[in-house]
Amino acid sequence: MVGAMTTPVTLASLQQMMVRGEKIACLTCYDSSFTRVLESAGVEVFIIGDSLGMVLKGHESTVPVTVADMIYHAANVARVGESALRVVDMPFSSYVNPDQALGNAARLMGEGGAHMVKLEGGANKAAIVAHLVGHGIPVCGHIGLLPQSVHKLGGYKVQGRDDAGARALLDDARALEEAGAGLLVTECIPADLATQITAAVTIPTIGIGAGPGCDGQVLVLYDMLGITPGKRPRFVRDFLRDTCSVPAAIEAYVAAVKNGSFPAAEHCF
Ligand code: KIV
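Residues numbered from 1 in each chain as written. Predicted model: local features only at pLDDT ≥ 70, side-chain atom pairs only at ≥ 80, totals over all residues. Heavy atoms only, no water.

Trainee: Even after reading the chapter, I still don't get the overall build of the chain, so can you show me in this structure?
Mentor: Secondary structure summary: the chain contains eleven helices and eight strands in total. Against the compact-globule benchmark of 18 Å for 269 residues, the chain has a radius of gyration of 17 Å, which places it among compact chains. When its C-alpha atoms are laid out on the principal axes, the chain stretches across 45 × 40 × 40 Å. Taking all 269 residues of the chain together, 55% fall into the buried category. (Helix = DSSP H or I, 4+ residues; strand = E, 2+ residues; numbered from the N terminus. Rg over C-alpha atoms; globule rule 2.2 N^0.38 Å. Buried < 20%, exposed > 50% of the residue type's maximum accessible area, 1.4 Å probe, protein only.)

As structure tokens, this is what we get:
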């Protein structure tokens, strides 16, 4: 069903959607005006993403984003948010050890109103995930293309294309689930691999450039409204182009995720 929700989305309700085979509609969100529009359109999960460093602040990557930036934007969303589950990114260098991660995650929840924090990495981050979860902080994992590691990766490239890379990502997904992650973002990986990962874990997967086999989909809001400058990545569809307004574009996105028409083959790797 597409349209405004009345009851707040929880990890338990996302689990139920996964079991029912109902796709989860997720978008990034950074402010109060869009919070109202996205919730009215029925978006179930917001990622207050560190992509805000690029689409709002004009940086070339997410690396310069700070915990203070994340708190500012997350709090703007939380102030008016009623129904969507709010997942807030832990920015670069804010989770290098378990205690530093715990202090920063607690601020994102306490000052930023996060329901869950997200951090990039796989098995190498399992101890940090377990530490946060052990202190009552819900964690969303993020594997595949890790934008905070863009300088290490040498660019924004599809991950897991070869057998070894694919096996490593499957192991990462299992390690994050075992550490207690409650949700998993898979970014820019082959569609077949994302389907395998989704089958291998019991927590919902949310794909971005990961094909239709995930339990849900996410896009950067400004990308799907067609206002991000430069060449549009293959996995993005401009939903504003064929609609007459921003609210209609968001509704079209939610409908396309729910009925499985997005992502189509042309958006997949
Ligand atoms: O920062 C971001 O926008 C993200 C995306 C994967 C949604 O993490």
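Trainee: Looking at this structure, I do not really get the packing of aromatic side chains. What am I missing?
Mentor: Aromatic ring pairs are reported here in terms of the distance separating the ring centres and the angle at which the planes meet. Evaluation of the coordinates by the stated rule reveals six aromatic pairs. Seen in terms of ring centroids, F239 and F262 are 5.5 Å apart; in terms of plane orientation they differ by 80°. Their pairing is edge-to-face. Of the two residues, F239 is situated in the loop between α10 (221-224) and α11 (246-258) and F262 in the segment after α11; the sequence distance between them amounts to 23 residues. Each member of the pair, F239 together with F262, is buried. Residues Y253 and F262 carry aromatic rings whose centres are separated by 6.1 Å and whose planes lie at 55° to one another, so their mutual orientation is tilted. (Phe/Tyr/Trp six-rings, centres within 6.5 Å; stacked < 30°, edge-to-face > 60°.)

Trainee: Would you take a moment to explain the environment of L108 for this structure?
Mentor: Residue placement: L108 occurs in helix α5 (residues 98-110). Take L108: its relative accessible area is 1%, and that puts it in the buried class. Expressed as a C-alpha distance, the spacing of L108 and L38, which sit 70 residues apart in the sequence, is 21 Å. Setting aside residues no more than four positions away along its own chain, L108 makes contact with V67, M70, I71, V88, D89, M90, G113, A114 and V117. (Contact = heavy atoms within 4.5 Å.)

Trainee: Quick question: what am I supposed to make of α5 here?
Mentor: Residues spaced three or four apart along an α-helix point in a common direction, a consequence of the helix completing one turn every 3.6 residues. With 13 residues, α5 extends 18 Å from end C-alpha to end C-alpha; this agrees with the ideal 18 Å at 1.5 Å per step. A101, L102, N104, A105 and L108 are the residues of α5 that are buried. Residues of α5 that are buried make contact with α4 (67-80), β3 (85-89), β4 (116-120) and α6 (126-134). Looking at where α5 begins, the residue whose side-chain oxygen comes 3.2 Å from the main-chain nitrogen of D99 is N97. (Expected span 1.5 Å × (residues − 1). Polar contact = N/O pair within 3.5 Å; in protein donor to acceptor, adjacent residues only side chain to side chain.)

Trainee: How should the sheet that holds strand β7 (residues 205-208) be read in this particular structure?
Mentor: Each strand in a sheet pairs with another by means of backbone hydrogen bonds, the pair being arranged parallel or else antiparallel. The parallel closed barrel is built from eight strands, whose spatial order is β1-β2-β3-β4-β5-β6-β7-β8. Within the sheet, the average angular offset between the axes of one strand and its neighbour, ignoring direction, is 25°. Two elements, β4 and strand β5 (residues 139-144), share four bridges in a ladder whose sense is parallel. Following the sheet pairing, V117 is matched in β5 by V139. Its contacts with the sheet place helix α8 (residues 163-179) against β5 and β6 (183-187), and it is angled at close to 175° to β5. (Pairing = 2+ DSSP bridges. Axes fitted to C-alpha atoms, helices over the stretch in contact; angles between N-to-C directions.)

Trainee: Hey, could you run me through the nonpolar core in this one?
Mentor: Considering soluble globular proteins, one finds that nonpolar side chains tend to be buried as a cluster. Grouped together as the largest cluster of nonpolar side chains are 85 residues, with contacts concentrated most on L132 and L219. Excluding residues within four positions of it along the chain, L132 makes contact with M90, A101, L102, A105, V117, L119, I137 and V139. (Core = buried A, V, L, I, M, F, W, Y, C linked by side-chain atoms within 4.5 Å.)

Trainee: Which parts of the structure should I look at to understand the side chain of K118?
Mentor: As for its position among the elements, K118 is in strand β4. The class for K118 is buried, based on a relative accessible area of 4%. Side chain to side chain, K118 and D89 meet in a polar contact 2.7 Å long. Filtering out sequence-adjacent residues up to four positions away, K118 remains in contact with I47, V87, V88, D89, M90, C140, G141, H142 and V185.

Everything listed here is a matter of coordinates, which is why it stays silent on function.
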